[in-house]
Each structure stands twice: as structure tokens, then as C-alpha cells.
Amino acid sequence: MDLYGSNGTTSPRLRHAYVQWKKWLTGQTWSNFSDGEIFPNILDFNGANGAMLNRSIQVRYTEKLSDKETLSFSLEDPGKINMIIPTTRPEWKRKSLIPIVTGMYRYGNTRNYFKIGGTLSPVNYENQENSYTKMGFGGIVSFRKYISNLDDFRFQVSYGKGIARNNIVLSGEGYDAVFDPQRNTAETLSLFNIAGIYEHWWSPKWSSVVYYSYSQVGSNPSVTNSLMKHFQNAAINLIYQPYKNLRMGVEGNYATTENFEGIKSDAFRIQFSTSFSFK
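Residues numbered from 1 in each chain as written. Predicted model: local features only at pLDDT ≥ 70, side-chain atom pairs only at ≥ 80, totals over all residues. Heavy atoms only, no water.

### Some words on the overall build of the protein
Move 1: Along the backbone of the protein there are 0 helices and 17 strands.
Move 2: In terms of C-alpha radius of gyration, the protein reaches 20 Å, essentially the compact-globule figure of 19 Å for 279 residues.
Move 3: Each principal axis of the C-alpha distribution contributes one length, and for the protein these read about 65 × 50 × 35 Å.
Move 4: Within the span of the protein, comprising 279 residues, buried residues form 45% of the whole. (Helix = DSSP H or I, 4+ residues; strand = E, 2+ residues; numbered from the N terminus. Rg over C-alpha atoms; globule rule 2.2 N^0.38 Å. Buried < 20%, exposed > 50% of the residue type's maximum accessible area, 1.4 Å probe, protein only.)

This is how it looks when you write it as C-alpha cells:
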């Protein structure tokens, strides 16, 4: 759990709660269509905005193919799939019905690895008479490579339709699909993400991270102008970690966005943070 509640509150929020028995996992943890290993030593809570990193209630099966290979499949809660329905069409509603299906192949060890995965993400909706499903899909490639004992490079690229629920900043924001009032049907939105991360340890207690990410949302005639068309962010930091669970440092982050109306905006933030982990 953490204290990062909804609407900017500090109320407790459940992060991970699951039971693992042999090859099976049941409960809430990182989605199988995510990569928690790519997250570097940073202070910002979200990090690279193009990363696919989301927690989900799920049932997962993992098979160890060899000393370096694993293959995992999951059925995940569809409740976080989010689509925008015009207020003028109150008879249409989102519906959680068909679970999300994912598969992920991992090759490597604890330091250097390569992942490739896919997902089928159904978008379910209904009116007073019938229920409908629009099928989304997506793929992801992710890896981490240690260049030396003190330097590593991490990379992730993903593309699909109806997969925004897995993006670290778009989950629940209405980017999985939009409703077309002219055709009385939902249209899944495409999403492309790319992120590159470089981490360097100056000494056993001092480290720095530099990263950049870019995301592009596909256009559609039913997209509202207020939705973001593309966004990107970059950051750099310097962190001092005197003990394993204690960190302190400074981090700068710059981001730009443009919505479908063509309005652009940018922001710069510098933060001085201290964090203590009970893990």
C-alpha cells in the first residue's frame, strides 16, 4: 500500500495484494502486459510518461521454459478499460464483461533481459437493449542491458488499440475508446509509446538517471478536442542513497503536450525529495 489516494488525497491505496502458489498467481499486482523492471532509480512518482506500467486484478500462469526463459499468460480485470461517451447519449454505458488476455515472453537473468508480449483488450459497452464488444489489441517490447557494472540502458516500445489502460498516465482517462454517436458504436483509439532510460552509478551511494519518452494517440472523427494528441517528457536527477531504504536528491523534469485542437503546453519542474521505503 501507499498513501497516494485518489483526487490528490493521502488516503491509503492498495498497490499489491496477491497469492502465489507454484506456477499460479491470483490477486492484484503489475499487469502481465507491463514491465516493472524497467523503472529506474528516480524520485518522480510516474517517471517516463510513455511507459506501460499498470496494476491489475488477475489470474496468471507462468511456465519456466529454461534457466533464462519464462512464458506467462493472464486473465485480467476489464474494469479499468475506459471510453468516452458523449453526455448527450446517456443510454450508452461502459460495461465490465470480458476479461483482458495477455501473454509475455521473457529471456535473460536478473540484470539483463528482453521481453516481448501481447494483449487482447475488449472494450465492452451497452444500451438498454443489448451489450456490445469492440476488440482492442497491442504489443510491447522491453529490455534492460548493463553496459558495465555501473551503467545500464533500458528501452520500451509499445503499440496497439484500446490499450491506454496500461499506460502509466492514461489509465482511466478515457483513451481506450471513443463513442461515435453517428454510427452508434465505439471506436478503439490507437496508442504508440517509446521510452529510453540511462542509469549511471557514480559510486555505491550516488547515482543519476536520464530518460526520455514520447506518446502519440491516434486520431478519430469522434475524438474530443480536449484529448491529448501527443505528449513527451524528459528528466535528469542526482540521488544520494546512504542506506538501502533511504534516498535523497534533486530531479528536473520537462514535458510538452498538444491536444487535438492544436493547443500546445509545456511545463518544467524541479523537485528536492527524500524517500524512505519499508520494503
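From this point on, the discussion continues.
### A closer look at the packing of aromatic side chains
Move 1: Taken as a whole and judged by the stated rule, the model has 10 aromatic pairs.
Move 2: Judged by centre distance (6.3 Å) and plane angle (80 degrees), the rings of Tyr125 and Phe179 are edge-to-face. With a gap of 54 residues between them, Tyr125 in strand β8 (residues 113-126) and Phe179 in strand β11 (residues 177-180) connect regions that are remote in the sequence. Take Tyr125 and Phe179: they sit in the same class, and that class is buried.
Move 3: Connected via pairs of aromatic rings, a cluster forms that spans Trp92, Tyr125, Tyr132 and Phe179.
Move 4: For Arg111, the ring lying beneath its charged end belongs to Tyr146, and the centroid distance is 3.7 Å. (Phe/Tyr/Trp six-rings, centres within 6.5 Å; stacked < 30°, edge-to-face > 60°. Lys NZ or Arg CZ within 6 Å of the ring centre and 35° of its normal.)

### Brief notes about the sheet that holds strand β12 (residues 185-188)
Move 1: Pairing is mixed across the open sheet formed by 3 strands, whose spatial order is β5-β11-β12. With one partner strand each, in any of the chains shown, β5 (83-84) and β12 form the two edges of the open sheet.
Move 2: The sheet contact formed by β5 and β11 spans 2 bridges and is parallel. Directly across from Met83, in β11, lies its bridge partner Ala177. (Pairing = 2+ DSSP bridges.)

All we've got here are geometric facts, nothing functional implied.
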